Amino acid sequence: MARKNIQIVSVLLIGIVAGFLGGYLFKQSSKLKQVNRSLVTAQQNSSNNTKKGFSVEEKGKIFKKDLLKELAKKGDQNVGKGEGETVKKEVSKQESSFKRWINEYVITPYFIDDLVEFILNSYQPPSTRDNPTNQPRLNISLRALNARYGLELIGLKVEAPSLEKARKKILQKIMDPDLLKAQYEHFIDIFINELIDNAKETTKVFREHGKTVERELNKDQIKTLLILLSNYVQDLSNVLTTISTERSLLTNLENYLKEEARSTHYNFVLNQIINNYNLAKQKLTVKQGDSASREKKVLAELEKKKNKALKNYEMSIKRRERLRTEIISFIEKKNPKLSFNSSEILYICEWVHRRIKEGQSLEKIKQIALILELAADKMRQKAEELSL
């Protein structure tokens, strides 16, 4: 019996020692992994720090295709697997500019991938959970696109000391017509094919006979998506063309924005006077005699100021709305088939105005419009091919 007890104790001691050894080895292994990770991170940081400036990281999921290989297939350039590999053949000035763009990571594969996802999420065929009508919808706008890619910089990357300077640097490149055309020529087919491929795998919730059914988009629905997107891009092109060729429109827009700022100021002044007026009115209810008489004079003076401020505000609002109506009516008259609402039209005008204030030219706006028209035609042609 004693011998059996000794064996049991021995087994327990061995188990405890093994446990300690196992825990120690596990900790050492974890520490070793941490050290290795730290070394890798340090090497990466060291490599990254060789480039001066702040790097704006791209966002989005990994692109399903090797973009550089796709470009290489077109025969425009020979690109290896390594980052920054030297281009192997002589190219034109335009192509060189585009390659510099790629090397600087201004546009990354994430951009196309995210744009495709954004468009598919914005598309609702008829009789779906989010669109019970019998008409298809594509809920995109320049405001939404600018917020996503102009402010968040999704899919874009550039070396700059700050986020604001990164935006300006990217915008300068986008406003370069030659560079933008090169981007269009290299990416338009990849973008359309990626949109179609992803659309085939996209599911929407449809309402059928009082029930909801989730299924993938069919060929007709994908064709409709391409047509809707083509129509939007064409409308955007038409508005930009109108703005860039009608200088009087920019003058009206300048006056509109000034009047908008003026009405905002008048509204602020009016609210201040109203607050002072209400405060003086409260004081008058608790004062008597000479004090009350003084408060009445103050109240009367404030009432005069309030009426004047209210009149200034109302007149400014009328002038602003008159200019706003003239701008929108002018563009709609030039583009009778335009499907944009007044808010979208005005936002596009303001976007162009900001670019002009930053030193860009109307000629560059016109060139962007021409490239957008080419893109619209390309998408319309692809939609027709889906019908065959």
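Bear in mind that the values here come from a model prediction, so they are computed numbers and not experimental data. In every chain, residue numbers begin from 1 and rise along the written sequence. In view of the model being predicted, local features appear only for residues whose pLDDT reaches at least 70, and side-chain atom pairs are presented and counted only at 80 or more, with totals across whole chains, interfaces and linings using the full set of residues. In computing side-chain properties, one takes all heavy atoms of the structure into account and sets aside hydrogens as well as water.

> When you look at the overall build of the chain in this model, what are you seeing that I'm missing?
A count of helices and strands for the chain gives 12 helices and 6 strands. Contacts are assigned to residue pairs that have any heavy atoms within 4.5 Å of one another. The contacts in the chain between residues at least 6 apart in sequence include a share of 74% that link residues at least 24 apart. In this description, accessible areas are obtained by the Shrake-Rupley approach with a 1.4 Å probe, and a residue is regarded as covered only by the protein chains that are shown. A total of about 24,000 Å² of accessible surface is found on the chain, and carbon and sulfur atoms cover 53% of it. Runs of E in the DSSP output that reach at least two residues are strands. Runs of H or I that reach at least four are helices, and both are numbered from the N terminus.

> Could you clarify how one ought to interpret unusual backbone geometry in this entry?
Across the chain, the bulk of peptide bonds are trans and the bulk of non-glycine residues have phi less than zero. With a phi close to 60 degrees, Ser127 is a non-glycine residue in the positive phi region. With respect to the helices and strands, the residue Ser127 is situated in the loop between β2 (123-124) and β3 (137-138). With relative accessibility at 32%, the residue Ser127 sits in the partly exposed group. Positioned with a positive phi, Leu153 is a non-glycine residue whose angle comes to about 60 degrees. Along the chain, the position of Leu153 falls in the loop between α5 (142-151) and β4 (159-160). Burial classification: accessible surface area is computed with a 1.4 Å probe over protein chains only, and a residue below 20% of its type maximum counts as buried, one above 50% as exposed, and the rest as partly exposed.

> Hey, could you run me through the pattern of salt bridges in this one?
Close approach of charged atoms allows side chains with opposite charge to pair. Between Lys or Arg on one side and Asp or Glu on the other, a salt bridge is scored when a side-chain nitrogen of the former is within 4 Å of a carboxyl oxygen of the latter. One pass over the full model with this rule turns up 15 salt bridges. In this structure, Glu246 and Lys334 form a salt bridge, with 3.6 Å as the shortest nitrogen-oxygen distance. Of this pair, Glu246 sits in the loop between α8 (219-245) and α9 (247-284) while Lys334 is found in helix α10 (residues 289-334), placing the two residues 88 residues apart along the sequence. Accessibility expressed as a relative area gives 23% for Glu246, which makes it partly exposed. For Lys334, a relative accessible area of 46% gives the class partly exposed. In this structure, Arg322 engages Glu326 in a salt bridge whose closest nitrogen and oxygen atoms are separated by 3.3 Å.

> How should the nonpolar core be read in this particular structure?
Here, nonpolar core means buried Ala, Val, Leu, Ile, Met, Phe, Trp, Tyr and Cys residues that are tied together by side-chain atoms lying within 4.5 Å of each other. Counting residues in hydrophobic clusters, the biggest one holds 70 residues, and the most contacted among them are Phe191, Leu195, Leu229, Ile243 and Ile331. What Leu195 contacts, discounting residues up to four positions off in sequence, is Val116, Ile119, Leu120, Leu225, Leu226 and Leu229.

> Sorry, what's going on with the layout of surface pockets here?
With a probe scaled to a water molecule rolled over the atoms, the places where space remains empty come into view. In this model, the largest pocket occupies a volume close to 1,400 Å³. With a 1 Å grid laid over protein atoms only, a set of points is called a cavity when a 1.4 Å probe fits there but cannot get out and a pocket when it is open yet has protein on both sides within 12 Å along at least five of seven lines; lining residues have an atom within 4 Å of a point. In terms of lining, the largest pocket is formed by 44 residues, of which the most central are Phe111, Leu142, Tyr149, Ile174 and Leu180. Sorting the residues of the lining of the largest pocket by element identifies α4 (109-122), α5, α6 (163-174), α7 (177-201), α8, α11 (342-357) and α12 (362-387) as the ones contributing at least two each. It is α6 that contributes the most residues to the lining of the largest pocket, 7 residues altogether. The classification used treats Ala, Val, Leu, Ile, Met, Phe, Trp, Tyr, Cys and Pro as nonpolar, Asp, Glu, Lys and Arg as charged, and all other residues, Gly among them, as polar. In the lining of the largest pocket, the residues fall into 33 nonpolar, 5 polar and 6 charged. Grid points are joined across faces, edges and corners, and a volume is the space filled by probe spheres set on the points.

> For this particular structure, what's the right way to read the pairing of strand β5 (residues 203-208)?
Paired strands are those between which DSSP finds at least two bridges. Pairing geometry for β5 and strand β6 (residues 211-216), over 6 bridges, is antiparallel. Along β6, the bridge assignment pairs Phe206 with Val213. Linking β5 to β6, which pair antiparallel, is a turn of 2 residues; within it His209 sits at a positive phi near 55 degrees.

> Would you mind going over the packing of α7 against α12 with me for this structure?
Pairs of packed helices are described in terms of their axes, by the angle between the two and the distance that separates them. Axis angles are defined between N-to-C directions and span 0 to 180 degrees, where every axis is a line fitted to C-alpha atoms and, for a helix, only to the segment in contact. Two elements in contact, α7 and α12, have axes whose closest approach is 11 Å; the angle formed by their N-to-C orientations is 25 degrees. The orientation of α7 with respect to α12, classified from their angle, is roughly parallel. The hand of the α7/α12 crossing is right-handed. Within the contact between the two elements, α7 uses Pro177, Leu180, Lys181, Tyr184, Ile188, Asp189, Phe191, Ile192, Asn193 and Ile196 and α12 uses Lys364, Gln367, Ile368, Ile371, Leu374, Ala375, Lys378, Met379 and Lys382. Its residues assigned to classes, the contact of α7 with α12 shows 12 nonpolar, 2 polar and 5 charged. The scheme is simple: roughly parallel for angles under 35 degrees, roughly antiparallel for over 145, roughly perpendicular for 65 to 115, oblique for anything else. Each crossing gets its handedness from the near helix: less than a right angle anticlockwise from the far helix is left-handed, clockwise is right-handed.

> Looking at this structure, how should I read the environment of Ile222?
The topology assignment puts Ile222 in helix α8. When the C-alpha atoms of Ile222 and Leu386 are compared, they prove to be 8.5 Å apart, with 164 residues separating the residues in sequence. Residues within four places of Ile222 in sequence aside, it is in contact with Ile196, Ala199, Lys200, Leu217 and Leu386.

> Even after reading the chapter, I still don't get the environment of Gln272, so can you show me in this structure?
For Gln272, the position within the fold is in helix α9. Between the C-alpha atom of Gln272 and that of Ala309, which follows or precedes it by 37 residues, the distance is 10.0 Å.

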